Amino acid sequence: FETGEDSLEAWELETPSAIVEGSERAWVTAVGDLLALTLENLGHLIRMPYGCGEQNMVNFAPNIYIMQYLEASHQTTPESTKKLLNFMKTGYQRELLYRRNDGSYSAFGNADNSGSTWLTAFVLKPGMTPVVPQFVWLPSAYRPTPPRTPTPWPSRKSKAVAVETAGYSVMTMMTLDPKKYEQQARKVVKWITAQRNGQGGFYSTQ
């Protein structure tokens, strides 16, 4: 595509062994934007938050970012705004159940032995966006700091863990030195985008 010349690439598709005979289907989507497929299916990311502290945030946070995108692109509707705000209020109230006495957060709150640095940072980030007020207060001891070393790459683990670890690796490289790690980060991003499902979403451990 960069040279303007025609090119041909072939793929071999293997259907699951237990598939109903005659029900095979396949389609190809060609877009010029890495996020195009995801943006076309934003509705599938709008979900009612539920579950433990981690699961709740996994469903809560996308609602915030979707609202930001819709407002920035002037695509909001009364229906979508009402639904997103209701889900965000529910997610916020539920997440408070997992806030510990020291101000940190964990999967099951005070029932856990200690707070989770990862989850506490995850809670803090959406709380810093324009859509959500600064309602998430955290003591300085639990505020996240930039990672100092690249995240190790997982080996022989599930796709969900690999996708998430790859995402953290990109974030780490961009935090440390974007210019130095640009090429490595591009390779990881290319791999991550190849792991999306038909709706533009990704695997998740939650």
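The text that follows walks through the structure, step by step, so that each part is easy to find. Given the structure is predicted, the values throughout are model-derived calculations rather than measurements. (Residues numbered from 1 in each chain as written. Predicted model: local features only at pLDDT ≥ 70, side-chain atom pairs only at ≥ 80, totals over all residues. Heavy atoms only, no water.)

### What to know about helix α5 (residues 159-176)
Turning to step 1, where the next piece is worked out: In this model, α5 (18 residues) spans 25 Å end to end at C-alpha, consistent with the 26 Å of a helix rising 1.5 Å per residue.
Turning to step 2, where the next piece is worked out: Burial in α5 covers these residues: A160, A162, V163, T165, A166, S169, V170, T172 and M173.
Turning to step 3, where the next piece is worked out: Looking at the buried residues of α5, the elements they touch are α6 (182-193). (Helix = DSSP H or I, 4+ residues; strand = E, 2+ residues; numbered from the N terminus. Expected span 1.5 Å × (residues − 1). Buried < 20%, exposed > 50% of the residue type's maximum accessible area, 1.4 Å probe, protein only. Contact = heavy atoms within 4.5 Å.)

### A few points about the packing of aromatic side chains
Turning to step 1, where the next piece is worked out: Applying the stated criterion across every chain, the model contains 1 aromatic pair.
Turning to step 2, where the next piece is worked out: A ring pair is formed by W118 and F122, whose centres lie 5.4 Å apart and whose planes are at 55 degrees; its orientation type is tilted. You can see W118 and its partner F122 sitting in helix α4 (residues 117-124), 4 residues apart, about one turn around the helix.
Turning to step 3, where the next piece is worked out: We classify W118 as partly exposed; its relative accessible area is 36%. (Phe/Tyr/Trp six-rings, centres within 6.5 Å; stacked < 30°, edge-to-face > 60°.)

### Considerations on the environment of L42
Turning to step 1, where the next piece is worked out: Inspection of the secondary structure assignment puts L42 in the loop between α1 (36-40) and α2 (53-72).
Turning to step 2, where the next piece is worked out: Considering only alpha carbons, one finds L42 and Y69, 27 residues apart in sequence, at a separation of 9.9 Å.
Turning to step 3, where the next piece is worked out: Apart from residues no more than four positions distant in its own chain, L42 is found in contact with I66, Y69 and L70.

### Concerning the nonpolar core
The nonpolar side chains of soluble globular proteins are, as a tendency, buried together.
Turning to step 1, where the next piece is worked out: Ranked by internal contacts, the top residues of the largest apolar core, which has 15 residues, are F60, I66, L84 and M88.
Turning to step 2, where the next piece is worked out: At the level of secondary structure, the elements contributing two or more residues to this core comprise α2, α3 (78-95) and α4.
Turning to step 3, where the next piece is worked out: It is α2 that contributes the most residues to this core, 6 residues altogether.
Turning to step 4, where the next piece is worked out: In contact with L84, not counting residues within four places along its chain, are I46, N63, I66, M67 and L70. (Core = buried A, V, L, I, M, F, W, Y, C linked by side-chain atoms within 4.5 Å.)

### As for the layout of surface pockets
Turning to step 1, where the next piece is worked out: Empty space within the second largest pocket amounts to approximately 1,400 Å³.
Turning to step 2, where the next piece is worked out: The wall of the second largest pocket is formed by 26 residues, among which T29, L37, T193, A194 and R196 lie closest to the centre.
Turning to step 3, where the next piece is worked out: If you tally residues by element for the lining of the second largest pocket, the top one is α6, at 4 residues.
Turning to step 4, where the next piece is worked out: Of the residues contributing to the lining of the second largest pocket, the split by class is 13 nonpolar, 6 polar and 7 charged. (1 Å grid on protein atoms, 1.4 Å probe; cavity = no way out; pocket = protein on both sides within 12 Å on 5 of 7 lines; lining within 4 Å. Points joined across faces, edges and corners; volume = space filled by probe spheres on them. Nonpolar A, V, L, I, M, F, W, Y, C, P; charged D, E, K, R; others polar.)

### Topic: the pattern of salt bridges
Turning to step 1, where the next piece is worked out: As enumerated under the stated definition, the model contains 1 salt bridge in all.
Turning to step 2, where the next piece is worked out: The partner of R186 in a salt bridge is E182, and the shortest N-O contact between them spans 3.1 Å. Pair noted here: R186 and E182 are both in helix α6, with a separation of 4 residues, about one helical turn.
Turning to step 3, where the next piece is worked out: Judged by its relative accessible area of 34%, E182 is partly exposed. (Salt bridge = Lys/Arg side-chain N within 4 Å of Asp/Glu carboxyl O.)

### Side note on the packing of α5 against α6
Turning to step 1, where the next piece is worked out: Axis separation between α5 and α6 bottoms out at 10 Å; the angle between their running directions is 155 degrees. Taken together, the axes of α5 and α6 are roughly antiparallel relative to one another. Judged by the twist between their axes, the crossing of α5 over α6 is left-handed. Together, A162, V163, A166, G167, V170, M173 and M174 of α5 and Q184, A185, V188, V189, W191 and I192 of α6 make up the contact between the two elements.
Turning to step 2, where the next piece is worked out: Class assignment of the residues belonging to the contact of α5 with α6 gives a composition of 11 nonpolar, 2 polar and no charged. (Axes fitted to C-alpha atoms, helices over the stretch in contact; angles between N-to-C directions. Parallel < 35°, antiparallel > 145°, perpendicular 65-115°, else oblique. Left-handed = near helix turned anticlockwise from the far one by under 90°.)

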